[in-house]
Amino acid sequence: MTRPAPVRKPRARSQARIDSILDAARTLLAAEGVASLSIYSVAERAQIPPSSVYHFFASVPALLEALTADVHAAFRACLQAPIDHDALRDWRDLSRLVEERMLEIYDEDAAARQLILAQHGLTEVTQADRQHDIELGDLMHKLFDHHFELPRLPSDVDVFALAMELGDRVYARSVQQHGQITPRMAEEGMRVFDAYIGLYLPPYLPKR
């Protein structure tokens with residue numbers, strides 16, 4: 001009986017090279033934005049030949065897609081982090097907690113703001129971001145359902161994913177105007193999130 005071939009992980013040396021490339025790209029992205037990013041500038045920052053960058057990332061959009069995946073991994077982690085169920089009075093407490101965790105990621109990671117909230121016009125990155133939003137929306141739906149008895153939601157609309165995208169539009173405007181998400185616009189983004197979710201969730205939901 002033939003055994004299936006094992007899935008190969010990147011060798012330690014290759015993974016270290018990938019990490020150094022992504023770290024260099026993240027630093028440049030945070031400092032100078034998407035427009036100034038190039039394979040050569042990343043290679044110079046990482047102190048490796050450009051051919052080494054091309055070996056792992058064929059283009060700048062491929063590099064940015066990898067960074068976008070990293071950012072969304074941080075968002076997934078904040079949705080999966082422990083939550084004190086007894087401290088939740090209603091679903092808005094949960095939505096505020098989740099949004100505050102995501103805002104903390106944006107606040108601490110300038111590269112995340114550039115990738116998700118800045119206007120860069122890169123279709124590949126935008127599409128990757130939307131796909132990740134669908135996955136995050138599904139995780140958020142499960143999180144809310146874990147703590148509260150949810151009503152039946154529409155199957156043809158990703159309610160939680162769309163709520164996140166709407167909140168991000170407010171945060172994006174703040175980044176475009178101020179270079180950061182100001183406390184005032186952070187509050188507005190959370191209000192937008194709650195207002196849209198509130199079209200589908202009643203003010204009071206029984207807790208699990």
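No experiment lies behind these values; they were computed from the predicted model shown. (Residues numbered from 1 in each chain as written. Predicted model: local features only at pLDDT ≥ 70, side-chain atom pairs only at ≥ 80, totals over all residues. Heavy atoms only, no water.)

### Topic: the side chain of D194
Going by this rule: A run of H or I in DSSP becomes a helix once it reaches four residues, and a run of E becomes a strand once it reaches two; helices and strands are each numbered from the N terminus. Residues are treated as being in contact if the distance between any of their heavy atoms lies within 4.5 Å.
Here D194 is to be found in helix α9 (residues 183-197). Leave out the neighbours within four places in its chain, and D194 touches W91, R92 and S95.

### Quick word on helix α8 (residues 159-178)
The criterion, for reference: One fewer than the residue count of a helix, multiplied by 1.5 Å, yields its expected span. Relative accessibility decides the category of a residue: with a 1.4 Å probe and only protein chains considered, values under 20% of the type maximum give buried, values over 50% give exposed, and everything between is partly exposed.
Look at α8: 29 Å from first C-alpha to last across 20 residues, which is about the 28 Å you get at 1.5 Å a residue. Residues of α8 that are buried include every one of V159, F160, A161, A163, M164, G167, D168, V170, Y171, A172, S174 and V175, and no others. Elements in contact with the buried residues of α8: α5 (91-108), α6 (110-117), α7 (123-147) and α9. Just downstream of α8 lies G179, where phi reads positive at about 80°.

### Remarks on the environment of L139
With respect to the secondary-structure elements, L139 resides in helix α7. In this structure L139 comes out as partly exposed when scored by relative accessible area, which is 22%. Placed 41 residues apart in sequence, L139 and Q180 show a C-alpha to C-alpha distance of 26 Å. Once residues lying within four places of it in the same chain are set aside, the contact partners of L139 are R76, L79 and Q80.

### Section: the environment of L153
Examined against the element boundaries, L153 turns out to sit in the loop between α7 and α8. C-alpha of L153 to C-alpha of Y200: the two residues are 47 residues apart in sequence and 7.0 Å apart in space. For L153, the contacting residues outside a window of four places in its chain are H141, F160, Y200 and L201.

### With respect to the nonpolar core
Heads up, the condition is: Residues enter a nonpolar core if they are buried and are Ala, Val, Leu, Ile, Met, Phe, Trp, Tyr or Cys, with the set joined through side-chain atoms within 4.5 Å.
The biggest cluster of nonpolar side chains holds 61 residues, and the ones touching the most others in it are L64 and M140. Those elements that provide at least two residues to this core are α1 (12-32), α2 (39-46), α4 (60-80), α5, α6, α7, α8 and α9. For this core, the element with the most residues is α4, which contributes eight residues.

### Concerning the packing of α1 against α4
We apply this condition: Every angle, taken between N-to-C directions, lies between 0 and 180 degrees, and every axis is a line fitted to C-alpha atoms, over only the stretch in contact when it is a helix. Orientation categories follow fixed angle ranges, with anything under 35 degrees roughly parallel, anything over 145 roughly antiparallel, 65 to 115 roughly perpendicular, and all other angles oblique. All residues other than Ala, Val, Leu, Ile, Met, Phe, Trp, Tyr, Cys, Pro, Asp, Glu, Lys and Arg, Gly among them, are scored as polar; the first ten of these are nonpolar and the last four charged.
Following both chains from N to C, one finds α1 and α4 inclined at 90°, their axes separated by 10 Å at the closest point. Classed by the angle they form, the pair α1 and α4 counts as roughly perpendicular. On α4, the residues that touch I21, L22, A25, R26 and L29 of α1 are L63, L64, A66, L67, D70 and V71. Tallied by class, residues from the contact of α1 with α4 come to nine nonpolar, no polar and two charged.

### Quick notes on the UniProt feature "DNA-binding region" (unreviewed entry) in the protein
Cut-off, in case you're wondering: UniProt positions are given in the numbering used here, feature names are shortened, and annotations may be inferred rather than shown by experiment.
Here, UniProt's "DNA-binding region" (unreviewed entry) annotation points to residues 38-57. Secondary structure across residues 38-57 divides into 75% helix and 0% strand, with the first and last C-alpha atoms of the span separated by 11 Å.

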